[in-house]
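# Close look at the chain arrangement
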Amino acid sequence: MEKILVGQLAELAPRMGKEIIVGEQKIAIFRLSDDRVKAIENICPHKQGPLAEGTVSGEYVFCPLHDYKINLNDGQVQEPDEGCVRAYETIIEEDLVYVLV
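The rules behind these values
- Residues numbered from 1 in each chain as written.
- Predicted model: local features only at pLDDT ≥ 70, side-chain atom pairs only at ≥ 80, totals over all residues.
- Heavy atoms only, no water.
- Pairing = 2+ DSSP bridges.
- Helix = DSSP H or I, 4+ residues; strand = E, 2+ residues; numbered from the N terminus.
- Axes fitted to C-alpha atoms, helices over the stretch in contact; angles between N-to-C directions.
- UniProt positions renumbered as here; feature names shortened; annotations may be inferred.
- Buried < 20%, exposed > 50% of the residue type's maximum accessible area, 1.4 Å probe, protein only.
- Polar contact = N/O pair within 3.5 Å; in protein donor to acceptor, adjacent residues only side chain to side chain.
- Contact = heavy atoms within 4.5 Å.
- Phe/Tyr/Trp six-rings, centres within 6.5 Å; stacked < 30°, edge-to-face > 60°.
- Lys NZ or Arg CZ within 6 Å of the ring centre and 35° of its normal.
- pLDDT = per-residue confidence, 0-100.

The name an unreviewed UniProt entry gives the protein chain is Nitrite reductase [NAD(P)H], small subunit, with Enterococcus moraviensis ATCC BAA-383 as the organism.

### Details of the sheet that holds strand β9 (residues 90-93)
Two orientations exist for strands paired in a sheet by backbone hydrogen bonds: parallel and antiparallel. The strand order β1-β10-β9 describes an open sheet built from three strands, whose pairing is antiparallel. Strand pairing shows two members of the sheet lacking a second neighbour, β1 (3-8) and β9, which therefore form its edges. Strand after strand, the sheet turns through a mean of 30 degrees between neighbouring axes, direction not considered.

### Notes on the UniProt feature "domain: Rieske" (unreviewed entry) in the protein chain
The UniProt feature table records "domain: Rieske" (unreviewed entry) at residues 4-99. Within residues 4-99, the helical portion is 0% and the strand portion 44%, while the C-alpha atoms at the span's ends are 5 Å from each other.

### Some details on the side chain of Asn71
Assignment of secondary structure puts Asn71 in strand β7 (residues 69-71). Since its relative accessible area comes to 14%, Asn71 is described here as buried. Within the local environment of Asn71, its side chain forms a polar contact with the backbone nitrogen of Asn73, the two atoms lying 2.6 Å apart. The contacts of Asn71, once residues within four sequence positions are left out, are Ile40, Glu59, Tyr60 and Gln76.

### Concerning unusual backbone geometry
At Asp35, a residue that is not glycine, the phi angle is positive and equals roughly 75 degrees. Secondary-structure assignment places Asp35 in the loop between β3 (25-31) and β4 (37-41). Looking at Asp35, the relative accessible area reads 33%, which means it is partly exposed. Of note, the phi angle at Gln48 is positive, near 60 degrees, even though the residue is not glycine. By secondary structure assignment, the location of Gln48 is in the loop between β4 and β5 (55-57). A relative accessible area of 53% means that Gln48 is categorised as exposed.

### Focus: the packing of aromatic side chains
Under the defined criterion, the tally for this structure stands at zero aromatic pairs. Looking at Lys3, its charged tip hangs above the ring of Tyr98, at a distance of 4.5 Å from the centre. When the ring centre of Tyr60 is taken as reference, the NZ or CZ atom of Lys69 above it lies at 4.4 Å.

### Overview of the confidence of the model for the protein chain
The predicted model of the protein chain averages 92 in pLDDT, with 100% of residues at 70 or higher. Within the protein chain, β4 carries the highest mean pLDDT (97), whereas β5 carries the lowest (92).

### Quick notes on the side chain of Asn42
Within the secondary structure layout, Asn42 lies in the loop between β4 and β5. At 2.6 Å, the side chain of Asn42 and the side chain of Glu19 are in polar contact. Excluding residues that lie within four positions of it along the chain, Asn42 makes contacts with Glu19, Lys26, Ile27, Ala28, Gly49, Pro50, Leu51 and Ala52.

Here it is, written out as structure tokens:
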């Protein structure tokens, strides 16, 4: 796995998504209200929309195109919908945020 610097924690707005591109992968980065950072693939498996534009609630993001929630820990889509997106591990070191790809 490769550790990629995605920015400083202070640059990430709480409960808002930010898209980063690593190679050919679009990744959505989310800072939760308790300052943990989660990262998932930034494409909804159903509507192909950008999940970084969704609304964060707790450890979930609501897809902006069809309002189902997606778990930011494992990428699982809420019932009754199905599917999942890839979830990435994140690391915070001295206010710097990294994603493992």
